[in-house]
Amino acid sequence: MKRFETERAEMIEVLKQKGIWDERVLAAMSSVERHFFVDAPFVNRAYEDSALPIGHEQTISQPYTVAFMTQALELKGNEKVLEVGTGSGYQAVVLATMGCRVFTIERRLPLVARARKMFDHFNLHIASKGGDGSVGWSEFAPFDAIIVTAGAPNIPQPLKEQLADGGKLVIPVGDRDIQKLSVVRRLGSQFTQQEISGFKFVPLVGKNAWANEGK
Ligand code: SAM
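Since we're looking at a predicted model, the values are computed, not measured.

**Concerning the overall build of the chain**
For the chain, the count of helices and strands is six helices and nine strands. For a compact globule of 215 residues, the expected C-alpha radius of gyration is about 17 Å, and the chain comes in at 16 Å, within 12% of that figure. Judged by the C-alpha coordinates and their principal axes, the chain covers about 50 × 40 × 35 Å. Taken over 215 residues, the chain has a buried fraction of 52%. Within the chain, contacts between residues at least 6 apart in sequence are counted, and of these 53% link residues at least 24 apart. Summing over all exposed atoms, the chain offers an accessible surface of approximately 10,000 Å²; the carbon and sulfur share of this is 50%.

Structure representation (structure tokens):
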């Protein structure tokens, strides 16, 4: 039996009770061992439904948030997905476990290095780079789905442009403290947008995002 199997199963029950229904998302999250992605003092809390610190003033997102955003992308498991905000690497590993081809960008270079070790540990081919993800990753565009895991003041235009026709972008948009989750769908040159209230993320800092306040 894998470590924390019971706790992981309990986390999945909590996600279901909170309204997560996508079996692909639930299956991936029940197999990915979240305790590998958190710092040592938090290992015993890895399956609580809460965000946890990962150093560098950043967090691994709450499991419900990961599940909700991933479900909102309506993935089948063969899509090319861009993640902005690699953080611990957990979200990228969940997407890759679902079968997606994952590209991920993180502005904090020590976190990139740490996440890469996780990708190797799980034996997954995930393309990652250090840098400002608010400009997207044009060399590999278009993407079937884009997930931004930090809160932005607006939707960065390059991310909309790098969406494939029929593709979906999920991004928290609001002020620095509280955001709404925007779900944007591209249909040809048209974009439709839906907003869901009540999410809280660390800020997206970059050219098309919040200014760097020394953090
Ligand atoms: N997806 C992550 C996980 O699974 O652990 C959680 C990420 S954390 C909530 C948000 C991350 O976005 C932080 O690591 C932060 O450094 C990063 N970030 C903020 N602005 C960014 C930018 N412009 N480009 C890339 N990463 C950025």
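**A look at the sheet that holds strand 8 (residues 179-187)**
Taken in spatial order, the seven strands make up an open sheet running 5-4-3-6-7-8-9, and their pairing is mixed. Either end of the sheet is taken by a strand with one partner, and the two such strands are strand 5 (127-130) and strand 9 (190-199). For this sheet, the mean angle separating the axes of adjacent strands, direction not counted, is 15 degrees. Bridge analysis of strand 3 (residues 80-84) against strand 4 (residues 101-106) gives five bridges, and the strand direction is parallel. Bridge pairing in strand 4 links E83 to T104. In the packing of helix 4 (residues 90-97) onto the sheet, the strands contacted are strand 3, strand 4 and strand 6 (143-148), and the crossing angle to strand 4 comes to about 170 degrees.

**Details of the site of the ligand**
Not every one of the 28 residues close to the ligand is listed here, only the nearest: E83, S88, E106, G133 and V205. A distance of 2.6 Å separates an oxygen atom of the ligand from a polar side-chain atom of E106. Between a nitrogen atom of the ligand and a side-chain N or O atom of D132, the distance comes to 2.9 Å. When the free accessible area of the ligand is taken as 600 Å², the share hidden by the protein chains comes to 99%. Looking at the shell around the ligand, the elements with two or more residues in it are strand 2 (58-60), strand 3, helix 4 and strand 4. Tallied by class, the residues present in the shell around the ligand amount to ten nonpolar, 13 polar and five charged.

**Brief notes about the pattern of salt bridges**
Proximity of charged atoms lets side chains of opposite charge pair with each other. Within this structure, the stated rule accounts for eight salt bridges. A salt bridge links E5 to R8, with the shortest nitrogen-to-oxygen separation between them at 3.5 Å. Residue E5 and its partner R8 are located together in helix 1 (residues 5-17), separated by three residues, close to a single helical turn. According to the relative accessible area criterion, E5 is partly exposed, its value standing at 34%. A salt bridge links K16 to E13; the shortest N-O distance between them is 3.6 Å. Taken as a pair, K16 and E13 lie in helix 1 at a separation of three residues, close to a single helical turn. Overall, the relative accessible area of 40% leaves E13 in the partly exposed class. Linked by salt bridges that have partners in common, E74, K168 and R185 make up one network.

**As for the side chain of E79**
Of note, E79 is situated in the loop between helix 3 (63-72) and strand 3. Buried charge E79 goes without a salt bridge, the closest partner of opposite sign being K76 at 5.4 Å. For E79, the side chain forms a polar contact with the main-chain nitrogen of G77, separated by 2.8 Å. If we ignore the near neighbours within four places in the chain, the residues touching E79 are E74, C100, R101 and D144.

Rules behind the numbers
- Residues numbered from 1 in each chain as written.
- Predicted model: local features only at pLDDT ≥ 70, side-chain atom pairs only at ≥ 80, totals over all residues.
- Heavy atoms only, no water.
- Helix = DSSP H or I, 4+ residues; strand = E, 2+ residues; numbered from the N terminus.
- Rg over C-alpha atoms; globule rule 2.2 N^0.38 Å.
- Buried < 20%, exposed > 50% of the residue type's maximum accessible area, 1.4 Å probe, protein only.
- Contact = heavy atoms within 4.5 Å.
- Areas by Shrake-Rupley, 256 points an atom, 1.4 Å probe, with all protein chains shown as cover.
- Pairing = 2+ DSSP bridges.
- Axes fitted to C-alpha atoms, helices over the stretch in contact; angles between N-to-C directions.
- Near = heavy atom within 4 Å.
- Polar contact = N/O pair within 3.5 Å; in protein donor to acceptor, adjacent residues only side chain to side chain.
- Nonpolar A, V, L, I, M, F, W, Y, C, P; charged D, E, K, R; others polar.
- Salt bridge = Lys/Arg side-chain N within 4 Å of Asp/Glu carboxyl O.
- Lys, Arg positive; Asp, Glu negative; His and termini not counted.

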